[in-house]
Every structure is written in structure tokens, then in C-alpha cells.
Amino acid sequence: MQALLEVDNLVKKFGDFAAVKGVSFFVAEGEIFSLLGPNGAGKTTTISMLSTLYESTSGDATVGGHSVTREPMAVRKLIGVVPQDLALYDDLTARENLNFWGQMYGLTSAILKTRIAEVLDLIGLSDRANQRVKTYSGGMKRRVNIGVGLLHRPRLLFMDEPTVGIDPQSRRAILDSVKELNRAGMTVLYTTHYMEEAQELSDRVGIIDHGELIAIGTQAELTQQIGQMDSLVLSFGEDQDAAGCIGPIQALPGVQCVDYTDHKLNILTPSAESILGEVVACANASGLKIRTLEIEEPNLEAVFLSLTGRALRD
Amino acid sequence: MRKIFLIGFKDLRLAFRDPTALVLMLLAPFLLTLGMGFVTGAFGGGGGSGLQEMPVLVVNQDEGELGQALVELFQAPEVAELLEPSLLDDPDAARRQVDDDQTTAAVIIPPGFTASIIPAAGQTSTGEIRQIEVYANPARPTGAGIIQTIVEEFAGRVEIGRIGGEVAIAQMLESGLLPADPQALAAAGEELGKQIAGDEASLSTIGIRKTSAVNEATQFNIMAYMAPGMALMFLMLTVAYGGRTLLTERTQGTLPRLLVSPTKVPQILAGKVLGIYLTGVAQITILVVASSLLFGLKWGDPLGLAALILAVVFGATGWGVLLTTVVRTPGQAANLGTALMLIFGILGGSFISLNNLPEAIQFASKITPNAWGLDGFTTLALGGGLGDLGGTMMGLLVMGAALFGIAVLTFNRRAILQK
């Protein structure tokens, strides 16, 4: 497949702080590519440079052959952006918002009317299109936010964590919309810190941490990087602190890394069964009550843990 | 161009959907005008004038024609509804009555006033010109301001006539139309005087009764000063609100979204400025129409009024845009906008007639659209037309252009749109 987006050693510094440190990757026409990483990893900064909002400190990228640094206006005509934060006029209705943004992208009234109807149908808000956005729930606002980004049918759609802070039902609807758009031929660059979303949506995934792209490939390729590893996940009550168990568990034979976040111990090991008894004993010795215990197949969370020593939620 | 209008009209629509903005833009100036109308008795009935039969004392110590002309001006039937003049001989007694709040003002015409302007026969110079004193009652600023305006207009007309006469005689002497010999010149002057005295048309051009001050006074409605005063004051708040919307767009994420659309930065800025301008024009127009319908206010020549509204909002928009360049958050813009509204309201004469303020403040008031605007609206309310607004319009347009220029330069240094 031909690359629609090519990123070449992109760097962004804010003063002395390097938010993005030489990122390079490509997104092929028609694929969904996810940038997976924790908060502060550099995902939004990367998208901001690719969408021409920020100028890069060095490096460049092309969209459809147009440089984001030298031909920003040509790039803007090819892309759509769904920003992480809502970017809507609360005192306008959904229809008025779509109408305004559609015209800003040069859509003429006849086409615009049809497109608005299609988008409202896609985001499931046809029946509430004439109500002001400020009366909507968070999930509904998110859906309008997405609708604005794809109204002009961009060749490449940037979606920056579009499901943050919304209810499961709206999240499901958004993920289904992304897949539907992709089936219709739209190329999508999707950023998230939810492993499940990246796994469900992506043809390929780039794992980003501290401004660096530390791994890239299909899900299968990435999990192969860590070999036959199991993830042993123990969860504890909110009144309990299992941080004291990290040292003893880390010392167990075969344990590659241990992370404790959100009252969950995440242990990466070649054989979860072989250390299970000792891990439980350690927890009991510390007076902890285990709420749940799971042994998971290798996944992107495990890949991230293996590569960084930290969980994605960090 | 289309995108500029899209952004501008979107902002106009948003402004009129914001209940807080509506209260501040329309309801507050309307209610304040209403309140001040009741306070000043503008709704007390009796004709369209808010001020009725204001007592004024005239002390004429002058023996000449000009002193008498001013007395007759105050006694003219055209101002009978507005003024209630009384003649006194003692200036100190007149001042005491003003001090005791028994009258609006005392107009004291000094001895030798006419002689200080018109040289006596055989004299070529009058020496120092004597000044008419308007002893104003500070407790009745509006009425005192009107009386002062009448006297100033009278004095202005006399001054124009005096200077015109001097110039004419000098030119006639120079061109040989008048004899150089003093005796022959006196005889020629006497003859010319007789001719002028017999010429009705010439008299009417100097005549006091037809001066614009008389016409202004008869048609003046105090509400025609208060309504634009309040409208202009709250216009400053509107333009500050408009300037704030650029910062609001940044915080609500729509500015970045605009920046990644195929829209140039100058188009975005121009659209925002247009939005402020349209909102201001809509605000003033609504207030004008509403006060005309509800208060029966006569704003004057429609063409002049339309042009003045466009110009005054242009000047005010300059301040709104400049404000955007010096603040960093919408909250700062709101606070500074309120301060600007109050300072300009006071300085520009929205509360107190500029005639009652020191000259330095009158001079400083020229930085405010309020002062220029009030001047223009008063001119129109007193019967003036578009042709009388030249200076006012020019002042407002220069103000707006200068402020836009400063704002554009400042925008380049600001991080608001920097990437």
C-alpha cells in the first residue's frame, strides 16, 4: 500500500523540554494506525505537528506528498482533525456547528446539507440536531466533535484520544464509527492510552513513550517482540497498598518486570503458573486481600510493560 | 472574504445567544436610561423635553446692543418652554441665588461688553474684550450646561461677526474701496452702517433669534443626551466582550480547530474583528430603535445617524481589538473591559456633561469614542445632519484606524496565535 502520511525524524521542543524526540513512521492509505502511549508520551504534540497546528523544531512530514512545514494549506485540505478536547460552540446547535465548520472547509450549501444529514446519522444525533450543544451529555458532545472532523470527508483523519472521559455506550458508538469510516476508505491516525482500543481498531500500532517511538508494527509483530510472556494481574481493594510486594516479587526467578498502578500488580513472566503460589504467599504475608487474579495472554499492555517497565496507565 | 463573514456572523449570533451579554448589551443601558430619565424628570410629562422652564437669572450691566441682544435671546418665545428668565441688576445677588440653589445659573453681562467688541466712533481698537460670566449651579449640571451652551453659541456668533468685520474693513482699505483719510473713513463707515441697518437680510444673518442655539434649545430633549450616553458606555463593554471571544476560542479549543482548517490567520483575525463590529452596530441600532419607539426619542437625521453609528462602533471596536492584545485570559478581558467602560463613561461624558468638566478632562475625553459619539448624537438630536458630523466622523475613524494599527503590530508579538 502507498503511504499517505510519512513522518521523518520529527522533533518538537518547548524551551529545553523535548516533547517529541525524532519520531519516524508512515501510515498507509486506507489503514488505521494507532499511536499508543500513556498521558504525556507526546501523542498530542505529534498530531499537532502533523495537522500543522504546531511547527516542528526539526524534521518534516508529508501528507499526500505535501510537506506539513512548507505547504500547510495544502495539507489542511487533505486532513480532518478530531481534537482531544472538545472544540465546539456550545451556544450553537449540532447542526449549526456542522454547518459553520463545513463552510470553513469550503463545502457549498447543496453538498453541505447532504453531508450534515449523513454525519448526524453516523453519530446518531439526527433527532437532537437542532438542540444547542450545551444541552448535550459529554458523550454526545464527543460525537459532534468527531462529526465536525469528518464532515468534509478528509483523506486522512487525525483522532486524538476521542473517547477520553465518556460513558461506555458512547465509547462503543465512537469505535464503531471509526471502523465504519475506515471501511468507507478513510485513513485514520488514532491516538489512545487504552490498549483495548488500539487492539480493536488498529492495523498497525506505534508505541510511544517520553516522546520516542519505541516499537511499531502489527499487534502480532509487537507481541512477538516479548516472546512467550504471560501477564499475571492481581487487583486489591482501594484501601490496600501492595507496593511493598514489588521488591520480593521482582526477585522471583523468571520475573521480567513488575508494575503497581491503580491497586493492580502487573507481573510479566514466562510462566505465570510457576510463580503464582509465591506471589499469593507474598501478598498474604503483607496482610493484603487479593480481590481478583488473572493470567492474560501476551498483549499490547504487556509489550509496553516489557519495553518500559511501566504500565500504560502511568 | 467569505470566511471572514462566516466567522463574523457566527460571533454575532453567539453574542445574541449569550444571556449575560444580552443583559449587559441591551437591558442594562436601557434600564439606566430609563432610570436617569425618571431622575431628571424627563418622563414627568409636558412636551418632549425632559427639562422644563429652568429658572435663569440675567444681569445685564452692558449699555450696548449686544448685551440687550443676549437678554432678548433668553426672553425669546422659542425658549419660553425651556427657560424661565428673570432680570436682576445686582450680580452678587444673582450669584447668591445660585448658591442657594434657587436658580439654574446666572448669566452676568459685564459693563462695556458691547464697547469691548464694537469700537466707538472714531476709535480703531476696543482693547480687551469683556467676558460674559455664566455662574452655574453645580447641583443642576444638565440645565446649567444647556444655558452655558446658549451663551457660548451667542459669544461664538458675535466673535465670528467681529472678526469678519475686521477682515472685511482691512481688505476694503487695502483695495481702495474705503478712503485712507480718517474723517472720510468715518463718514464712509457711517454710510455703510446705515446701509446695513436698512438691510433686513444682513440683519438676519447677525440676528440672535435665528442662531442655532435657539433652535437647539427648543428641540433639545435631555433623554437624547442620556440614551446615547448609556448606549456608548455599554458599547465599550460589548467591544471588550467581543475582544474576549478570541481568547475564549483559544480556551474552548475552537481557535486551534480554526487554525488547522484551510483558513489563513489574517482571515480569522479579520472575522473576529468583524464579529465585534457587527455586534456593536446591532447593539446601538437596537437601542436607538427601542428608545425611539418606547421613549419617543428623536435621534435626528437618519442618514447622519446611520453614518455616526458605523463610525462610533468602528472607533470603539479599535479599543476592543487592542484590549485583546494586552490581556491573556478571558477573565482579564472581562475585568479590563468593565474598567474601560466605566472610565470611558465618566471621561467621555456619559454621566456628566463634558461642559461641566475641566478643560483638561475635556481634552482627554477625545481618546474615548464616547465623547466623539455623544458630540455627534447631540448634534443630530439638535437638528444637525450628516454634513455637520465631519469632525466627529473623522475623529472616530482616525481613532479606530490608529487602534487597529497598534493592535496588528501587537498581535505579531503575542503568543496567542503562535505555533
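Residues numbered from 1 in each chain as written. Chains lettered and ligands numbered in written order. Predicted model: local features only at pLDDT ≥ 70, side-chain atom pairs only at ≥ 80, totals over all residues.

Trainee: Hey, could you go over the overall build of chain B for me, with residue numbers and the actual values?
Mentor: Helix and strand counts for chain B stand at 16 helices and four strands. For chain B, the proportion of its 419 residues judged to be buried stands at 43%. Within chain B, contacts between residues separated by at least 24 positions form 80% of all contacts whose residues are at least 6 apart in sequence. (Helix = DSSP H or I, 4+ residues; strand = E, 2+ residues; numbered from the N terminus. Buried ≥ 20, exposed ≤ 12 C-beta atoms within 10 Å, placed from the backbone. Contact = placed C-beta atoms within 7 Å.)

Trainee: Which residues make up the packing of helix α12 (residues 302–326) of chain B against helix α15 (residues 369–381) of chain B, and what values do they have?
Mentor: Residues and elements named next belong to chain B. At a minimum axis separation of 10 Å, α12 and α15 run at an interaxial angle of 175 degrees. Looking at the two axes, α12 sits roughly antiparallel to α15. Note on element contacts: α15 touches α12 through P369, W372, G373, G376, F377 and L380, opposite G304, L305, L308, V312, G315 and A316. A breakdown of the residues in the contact of α12 with α15 according to their chemical character gives eight nonpolar, four polar and no charged. (Axes fitted to C-alpha atoms, helices over the stretch in contact; angles between N-to-C directions. Parallel < 35°, antiparallel > 145°, perpendicular 65-115°, else oblique. Nonpolar A, V, L, I, M, F, W, Y, C, P; charged D, E, K, R; others polar.)

Trainee: Lay out the environment of B:V56 with the relevant residues and their values.
Mentor: Take B:V56: it is sitting in strand β1 (residues 54–60). Filtering out sequence-adjacent residues up to four positions away, B:V56 remains in contact with B:F74, B:L83, B:E84, B:P85, B:T103, B:T104, B:A105, B:V107 and B:I147.

Trainee: Could you give me a rundown of the interface of chain A and chain B, with the residues and numbers involved?
Mentor: In this assembly, 20 residues from chain A lie in contact with 17 residues from chain B. The set of elements that each furnish at least two residues to the side of chain A that touches chain B consists of α2 (72–78) and α3 (94–104) of chain A. For the side of chain A that touches chain B, the residue count by class is eleven nonpolar, four polar and five charged.

Trainee: So what about the sheet that holds strand β10 (residues 212–217) of chain A? Which residues, and what values?
Mentor: Residue and element names in this part refer to chain A. One open sheet holds the six strands; their spatial order is β6-β7-β8-β3-β9-β10, and the pairing between them is mixed. Single-partner strands in this sheet number two, and they are β6 (79–82) and β10. Strand-to-strand twist across the sheet, computed as the mean angle between neighbouring axes with direction ignored, equals 15 degrees. Bridge analysis of β6 against strand β7 (residues 156–160) gives four bridges, and the strand direction is parallel. The partner of V82 across the bridge, within β7, is M159. Relative to β7, helix α1 (residues 43–50) is tilted by about 150 degrees, and along the sheet it contacts β3 (32–36), β7, β8 (187–192) and β9 (204–209). (Pairing = 2+ DSSP bridges.)

Trainee: For the confidence of the model for chain B, give the residues involved together with the corresponding values.
Mentor: Residue-level pLDDT values for chain B average 77, and 78% of them are 70 or greater. Contacts from residues 199–219 of chain B, a stretch scored under 50 in pLDDT, to residues over four places away or in other chains number 33 contacts. (pLDDT = per-residue confidence, 0-100.)

Trainee: Could you give an account of the environment of B:L278, with specific residues and numbers?
Mentor: Residue and element names in this part refer to chain B. Residue position: L278 is located in helix α11 (residues 265–295). The exposure class of L278 is buried, given the 20 C-beta atoms found within 10 Å. Along the sequence, L278 and T317 sit 39 residues apart, while their C-alpha atoms lie 9.6 Å from each other. With residues up to four places along the chain from it excluded, the contact list for L278 reads G8, F9 and L12.

Trainee: Which residues make up helix α6 (residues 168–183) of chain A, and what values go with them?
Mentor: Residues and elements named next belong to chain A. Taking 1.5 Å as the rise per residue, α6 with 16 residues should run 22 Å; its terminal C-alpha atoms sit 23 Å apart, in good agreement. All buried positions along α6 are accounted for by S170, A173, I174, S177, V178 and L181. Axial view of α6: buried residues confined to an arc of 140 degrees, hence all on one face. Structural note: α6 exposes P168, Q169, D176, E180 and R183 on the side pointing more than 90 degrees away from its buried face. On its buried side, α6 packs onto β3, α4 (109–122), α5 (138–150), β7, β8 and α7 (195–201). The first or second residue beyond α6 is G185, which carries a positive phi of 110 degrees. (Expected span 1.5 Å × (residues − 1). Arc of directions from axis to C-beta.)

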